[in-house]
Amino acid sequence: MASTEEEDKVGKSAFSKWKYKHYFTIVERKGKNLYLKCTLCSGGKRLSTSAASNSNLMKHLTTTHAATKLVAKNTDDSNNTSVASSSKEGHDGATAAKQQKLDFDLPQKPCCHTAYVVENILPIKTVESDSFKAIIKKIPVRENVKIPCRKTFSKYLDDEYANMHRELLKAFEEIEYVSTTADIWTAHNKSYLGVTAHWIHPPSLKRKKAALACRRFMGRHTYDIIATELDDIHSSFGISHKITATVTDNGSNFVKAFKVYQPIVEDDECEDDEDGADDVSFVDVDNVLQNRGDDVDDVDDAVMVTLPPHHRCASHTLNLVSCTDVEKWLQSSDVKSTYRSATAKCTALWNKASRSTVAAETVDEVLKKKLLVPCSTRWNSFYDAVARICEIPITELTTLSSKFGVKAITERELLLLKEYCKVMKPLTVALDKLQGEDRCFHGTLLPTLESMISQTLDPENTGGLQILVHLPAAVVMAVKTRFAEILESESAILAAVTLPRFKLRWLRTQDRRDKAKASLLAECRKVQDEVLLQGTSTSTHDLSTATDSAKEDEDDAFYCFVEEDDHTTDTAESQILDYVKSTGKGMADLNRFPLIKHLSLKYNAATPSSAPVERLFSLGKLVFTPKRNRLSDQKFEKLVLLRYNHWFNE
């Protein structure tokens, strides 16, 4: 009866459904106001509040009874239970943390179920599965909110992809130098062109990356079509003029594309043409008008498409050294028969272990470990497989071979395999290091090659060789031949020198150090001259550690005076001298040397290998499964890019 009387007094008001109304007793209602007594106050303090708001009552609870842990109660008549587990303890009971309610309205921010589907590479139809809906129902949501269906969810992904594209455009507008990697991947009789972007964030000097495209590639993989598609992708993000280099594998179609579609550098022949400047020539207007339509298409095809400088993937090149050049040397040397016999017996073991479950169980029983099987598409796989066999005692190998019914590896053959692994280890370590992304820059390439060559020819590494005595020299010769251009590249040297981790330490001779220092000084002077010519409106933004994006007023823009601060008064010579003497090896150390930092951002934007785009394809393989082969090309690309860029985790 008491509750019925209270309802009559309250009527339709905000208080009737308030979760803290059990702390008050209703006295009366006059017009639009309610008069109540607080049960927590000694003597029952009388309070008043509007029927449309509980703000006065809430203020009273949070100020007068701040030390009391409030317990919210469900006001629904069908389930009038306490939200907190300790509601039966009265006013002094502990209150559970307030649980945020989710809203599945698509115009809102991304919900957890969206990130769950994209980040875990689940089919879009997951949102319609009964098990998924059962999980979502356990999460508190606002009233009259429904889980989106597949079509609505798919539309929401399109909107999020558009938002991601806009954010990438904003990010590229704020940076000056960026690099890309590109490759073509084929799956389920479809080809896709993948492109990733990489740059160094100027304020933090941390490596950043983003996937730009994984679009369907129609037709033959010819150099001209590749060039057109790459130029279109670069232009769509407005980075064509900012790309320092694009890294691809050694495929002939990519190599030719970048060779043919490089920007045309005009020669300065003004002085040669001065003598004939006054000559007058007459042209037939009719012929010009007739031939104009035929020439437009040729001009569009030849001139409009331009590609940035090209870098060949260092990891792929080292893999060619390992699999092609070294293999050719072994097949042509005096150890040819021993090498063939050893690899044939290894291949027999690999085939048995990978094609039979009984054989695999035998391997586990005899060796207590698995045999690694080489894969033609995975770098260093042959070395890893041979190294695993070299770890096994010859007695166990003989036992395993007898159980398989194949010829056993002899002691001489096992010795050859061990020497092969000993010689090739520095190359495989270098190949793995050059596949990195976060801490791997273009300047890492030359120091890695120098270290690899030094360790391969190290007497401690080659002194104990008995069979493959001349293999180290053959490996070094192959590396120098394939990397001949990059070993003498001034940009590669500058990239390595401007990394605090290496500086000039990786150069073996004083003559090379002097040349590298001279090149660095010349580049720093160019940057310093550009700073003085451009003024503080651009130079301070480019060389300072802070990024101030505020625009100057028109009056302030009129007075362009160069301020002589610490960044401009320091000469290039003094910065280089202090940089070489500094002991810091982290990228943050570049903030002390703005001129060198500017060069490092430029020359180290590129990665040494195209491994990032290969990882993009590995992700695409998880998305494009046989059961999802009806996924449209556009939807596939959006799902892959959203996942690679971790858009929902930002």
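Residues numbered from 1 in each chain as written. Predicted model: local features only at pLDDT ≥ 70, side-chain atom pairs only at ≥ 80, totals over all residues. Heavy atoms only, no water.

Moving on, we come to the overall build of the chain. Of regular secondary structure, the chain possesses 27 helices and eight strands. Looking at the chain as a whole, 42% of its 650 residues qualify as buried. Within the chain, contacts between residues at least 6 apart in sequence are counted, and of these 68% link residues at least 24 apart. Summing over all exposed atoms, the chain offers an accessible surface of approximately 37,200 Å²; the carbon and sulfur share of this is 50%. (Helix = DSSP H or I, 4+ residues; strand = E, 2+ residues; numbered from the N terminus. Buried < 20%, exposed > 50% of the residue type's maximum accessible area, 1.4 Å probe, protein only. Contact = heavy atoms within 4.5 Å. Areas by Shrake-Rupley, 256 points an atom, 1.4 Å probe, with all protein chains shown as cover.)

In sheet architecture, strand pairing relies on hydrogen bonds along the backbone and comes in two forms, parallel and antiparallel. Taken in spatial order, the five strands of this open sheet run S6-S5-S4-S7-S8, and their pairing is mixed. Of all the strands in the sheet, just strand S6 (206-216) and strand S8 (310-312) have a single pairing partner and so form its edges. Between one strand and the next, the sheet's axes are offset by a mean angle of 25°, whatever the strand orientation. With three bridges connecting them, strand S4 (residues 178-187) and strand S7 (residues 243-248) associate as parallel partners. Across the sheet, the residue bridging to Thr 180 is Thr 246, located in S7. Each of S4, strand S5 (190-201), S6 and S7 touches helix H6 (residues 223-236); the most contacted strand, S5, lies at about 45° to it. (Pairing = 2+ DSSP bridges. Axes fitted to C-alpha atoms, helices over the stretch in contact; angles between N-to-C directions.)

Between its terminal C-alpha atoms helix H17 (residues 471-482) stretches 17 Å, which fits the 16 Å expected from twelve residues at 1.5 Å a residue. Along H17, the residues classified as buried are Leu 471, Pro 472, Ala 474, Val 475, Val 476, Ala 478 and Val 479. Looking at the buried residues of H17, the elements they touch are helix H9 (314-332), helix H14 (411-433), helix H15 (445-456) and helix H16 (459-462). (Expected span 1.5 Å × (residues − 1).)

For the structure on display, the rule yields 16 aromatic pairs. Taken together, a centroid distance of 5.8 Å and an interplanar angle of 35° make the contact between Trp 185 and Tyr 192 tilted. Here Lys 30 stacks its cationic end above the ring of Tyr 35, 5.8 Å away from the centre of that ring. The ring of Tyr 579 has Lys 503 lying over it, and the distance from NZ or CZ to the ring centre is 5.3 Å. (Phe/Tyr/Trp six-rings, centres within 6.5 Å; stacked < 30°, edge-to-face > 60°. Lys NZ or Arg CZ within 6 Å of the ring centre and 35° of its normal.)

Attention now moves to the environment of Asn 645. Here Asn 645 lies in the segment after helix H27 (633-644). Asn 645 gets classed as buried once you look at its relative accessible area, which sits at 13%. With 436 residues separating them in the primary sequence, Asn 645 and Lys 209 have C-alpha atoms 7.9 Å apart. Of the polar contacts made by the side chain of Asn 645, one reaches the backbone nitrogen of Ala 211; its length is 2.7 Å. (Polar contact = N/O pair within 3.5 Å; in protein donor to acceptor, adjacent residues only side chain to side chain.)

Attention shifts here to empty space enclosed by the protein. Applying the stated rule across the entire model yields two cavities of 30 Å³ or more. Surrounding the largest cavity, Val 117, Val 118, Ile 121, Leu 122, Val 623, Arg 628, Leu 639 and Arg 643 form its lining. Within the lining of the largest cavity, the residues separate by chemical class into six nonpolar, no polar and two charged. (1 Å grid on protein atoms, 1.4 Å probe; cavity = no way out; pocket = protein on both sides within 12 Å on 5 of 7 lines; lining within 4 Å. Points joined across faces, edges and corners; volume = space filled by probe spheres on them. Nonpolar A, V, L, I, M, F, W, Y, C, P; charged D, E, K, R; others polar.)

Right, let's talk about the pattern of salt bridges for a bit. Within this structure, the stated rule accounts for 22 salt bridges. A salt bridge links Glu 119 to Arg 643, with the shortest nitrogen-to-oxygen separation between them at 3.8 Å. Taken together, the positions of Glu 119 in helix H3 (residues 112-119) and Arg 643 in helix H27 put the pair 524 residues apart, joining distant regions of the chain. Grouping residues by exposure puts Glu 119 and Arg 643 together as buried. Where Lys 369 meets Glu 391, a salt bridge forms, and the shortest distance between an N and an O atom there is 3.6 Å. With Lys 369 in the loop between helix H11 (357-367) and helix H12 (381-390) and Glu 391 in the loop between H12 and helix H13 (394-404), this pair connects stretches of sequence that are 22 residues apart. (Salt bridge = Lys/Arg side-chain N within 4 Å of Asp/Glu carboxyl O.)

Glancing now at the environment of His 113. Tracing the backbone shows His 113 in helix H3. On the accessibility criterion, His 113 (2% relative accessible area) is buried. Separated by 19 residues in the primary sequence, His 113 and Phe 132 place their C-alpha atoms 9.1 Å from one another.

Looking now at the packing of helix H26 (residues 611-623) against H27. Packing of H26 against H27 brings their axes to within 10 Å, and their N-to-C directions diverge by 120°. With respect to H27, the element H26 is oriented oblique. Like other packed secondary-structure pairs, H26 and H27 cross with a definite hand, here right-handed. From H26, Pro 612, Leu 616, Leu 619, Gly 620 and Val 623 reach across to H27, where they touch Phe 636, Leu 639, Val 640, Leu 641, Arg 643 and Tyr 644. Looking at the contact of H26 with H27 residue by residue, the class counts come to nine nonpolar, one polar and one charged. (Parallel < 35°, antiparallel > 145°, perpendicular 65-115°, else oblique. Left-handed = near helix turned anticlockwise from the far one by under 90°.)

The quantities given are spatial measurements derived from coordinates; they are silent on function.
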